[in-house]
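# Inside the fold
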Amino acid sequence: MDANATSQNRPFSIKLWPPSQKTRLVLVQRMLDNLTTKSVFTEKYGTLSKEDAEVNAEYIEKVAFSTAEDNYVEEPDGDGSSAVQLYARECSKLLLQVLKGEPIIKDRKVISESNGASASQETFFDISEGQRAFIEAEEAEELLKPLKEPGNSYSKICFSNRSFGLKAARVAEPILASLKGQLKDVDLSDFVAGRPESEALEVMNIFAAALEGSALKSLNLSNNALGEKGVRAFSALLKSQTQLEELYLINDGISEEAARAVCELIPSTENLRILHFHNNMTGDEGAIAISEVVKSSPLLEDFRCSSTRIGADGGVALSEALGFCAHLKKLDLRDNMFGVEGGVALSKALSKHADLKEVYLSYLNLENEGALAITNVLKESAPSLEVLDMAGNDITVDAVPALAAFIATKKLLTKLNLAENELKDEGAIHISKALEDLSQLIEVDMSTNLIRRAGARSLAQTVIQKPGFKLLNINGNFISDEGIDEVKNIFKKNPDLLGALDENDPEGEEDDDDNESGEGEDDEDELESKLKNLEVNPE
């Protein structure tokens, strides 16, 4: 399959994360059955009552989902398969803890105490850890009681994971209105799930009106399938915000029109430090609108606009806007279609970002030209770079000398991801040499790079010497059985530092017209011999 075509289609691939509400409920039911019916484990540890099992199953699912969601938000993997695997592992682990009688449910801080002083000192009110379900008026009255206590000090509220209906929203309305003078951080992510559009929009209007005029520093409206109608339903709230420092619009169905609405409604972003815009259907025109928000955010430190279907035109617009943000520390543009043109434009903007610590640019179709334009600039402009992700960009071995020279200058680098490129043995050996003097390195991903025995051995020998090193991923390559044994032997004292090798193909072959590794192990050894004494020149 043509690699370029695959990359171009990537933003439209099936997403495995997050799971649907139906899937989550099915998992809760399965765990409920596991806790209450006969099995090898319940015969050993005993079963739970139906009531206790329900409480624990719901709590396990919520904790596992939260853990996997945090992981996906921090390090999205494209289709979300890693998050799904983590979700399953966490459920299994906690389920076994419950069967063994180990307590896992902790008291929530938001429950008011009889001592008024204790309640008044609490600043964070969070109902997201309860059972995920629709919330109606009676339950809202009970849950929100602490917010009505005189003299409370709540400045941060999280209503995520509860779906508010109209009656519940009417209960919350006067409470929120009474608190808006003290609120600084409001999380309304995923708070109308499963509601009909007309009801959801009216609920949004109610909350927006109640909070209008508040001086928020952080606002999270993620996971609400907003679209343009949803964005405009929050008009009253958005128009009144002049001090926002953090804005989250993740997985909100933000189209071109919705992006323009965001740009139109927020009066000022001059204090904005964090803007997260992951997993939307923004496209080029929407990116051009969002670029106006970015351009007006001179203090921006953390910008995430990944998986948003942005092509070259939108990439150029965003890149030019980022040139106005001199304080950027974290940039995440993964899983878009910038191409070479967008990569070159981005390189020009990055020359102004001396404070960059984390750069995530995987699956952007950069190719050699775009990738090297960026790394050549970062070589001179980002002395404190700690994380570099350029996976899936069709980078070939031709780019490796310059790429390796760049990597060798980043003495504070902790994580390097060059997976799903075409670096081969020669590239792996060059990269290994570049990593030799990077003492802070803890994670390297060179999976799916047409690497054979020599390249795998070189990487293993380099990283095993690093104090504090945590993971080398060389899965999905063409390493021979002998090479696998050799690598495992290098890690024999610390096998946990070597990632899975279940997708390695020892019989794998490159295209005949692109095969540079010869006919067997002798050619691999010859390649390593030729490159053994190479020097990576950072200059």
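Summarised in this report is the structure supplied together with it. Keep in mind the model is a prediction, meaning the values are calculated, not measured. (Residues numbered from 1 in each chain as written. Predicted model: local features only at pLDDT ≥ 70, side-chain atom pairs only at ≥ 80, totals over all residues. Heavy atoms only, no water.)

## Observations regarding helix α17 (residues 367–381)
Between its first and last C-alpha atoms α17 spans 21 Å; for 15 residues at 1.5 Å apiece the expected length is 21 Å, and the two agree. Most of α17 sits out of view: 11 of its 15 residues are buried. Listed as buried for α17 are Asn368, Gly370, Ala371, Leu372, Ala373, Ile374, Thr375, Val377, Leu378, Lys379 and Ser381. Buried residues in α17 make contact with α16 (339–350) and α18 (400–408). (Helix = DSSP H or I, 4+ residues; strand = E, 2+ residues; numbered from the N terminus. Expected span 1.5 Å × (residues − 1). Buried < 20%, exposed > 50% of the residue type's maximum accessible area, 1.4 Å probe, protein only. Contact = heavy atoms within 4.5 Å.)

## Some points on the nonpolar core
In terms of nonpolar packing, the biggest core is built from 124 residues, with Phe159, Phe303 and Ile407 touching the most fellow members. Considering each element in turn, this core owes the most residues, nine residues, to helix α10 (residues 197–211). Leave out the neighbours within four places in its chain, and Phe303 touches Leu275, Ile290, Val294, Leu318, Leu322, Leu328, Lys330, Leu331, Asp332 and Leu333. Residues Trp17, Ala64, Phe65 and Cys91 belong to the second largest nonpolar core, which totals 20 residues. (Core = buried A, V, L, I, M, F, W, Y, C linked by side-chain atoms within 4.5 Å.)

## Re a negative patch on the surface
A cluster of acidic side chains, namely Asp481, Glu482, Asp485, Asp505, Glu507 and Glu509, defines a negative patch on the protein surface. Checked against the element boundaries, Asp485 lands in helix α21 (residues 481–490). (Patch = residues over 30% accessible without salt bridge, like charges linked within 9 Å, V, L, I, M, F, W, Y side chains within 5 Å. Areas by Shrake-Rupley, 256 points an atom, 1.4 Å probe, with all protein chains shown as cover. Salt bridge = Lys/Arg side-chain N within 4 Å of Asp/Glu carboxyl O. Lys, Arg positive; Asp, Glu negative; His and termini not counted. Charge placed at Lys NZ, Arg CZ, Asp CG, Glu CD.)

## Quick word on the packing of helix α9 (residues 166–179) against α10
How two helices pack is summed up by the angle between their axes together with the distance between the axes. Interhelical geometry of α9 versus α10 gives an angle of 10° and a closest axis separation of 8 Å. Overall, the two elements α9 and α10 adopt an arrangement that is roughly parallel. Along the contact surface, α9 presents Leu166, Ala169, Arg170, Ala172, Glu173, Leu176 and Ala177, while α10 presents Glu199, Glu202, Val203, Ile206, Phe207, Ala210 and Leu211. Residues belonging to the contact of α9 with α10 are distributed by class as follows: 10 nonpolar, no polar and four charged. (Axes fitted to C-alpha atoms, helices over the stretch in contact; angles between N-to-C directions. Parallel < 35°, antiparallel > 145°, perpendicular 65-115°, else oblique. Nonpolar A, V, L, I, M, F, W, Y, C, P; charged D, E, K, R; others polar.)

Take it as geometry only, folks, not as evidence of what the structure does.
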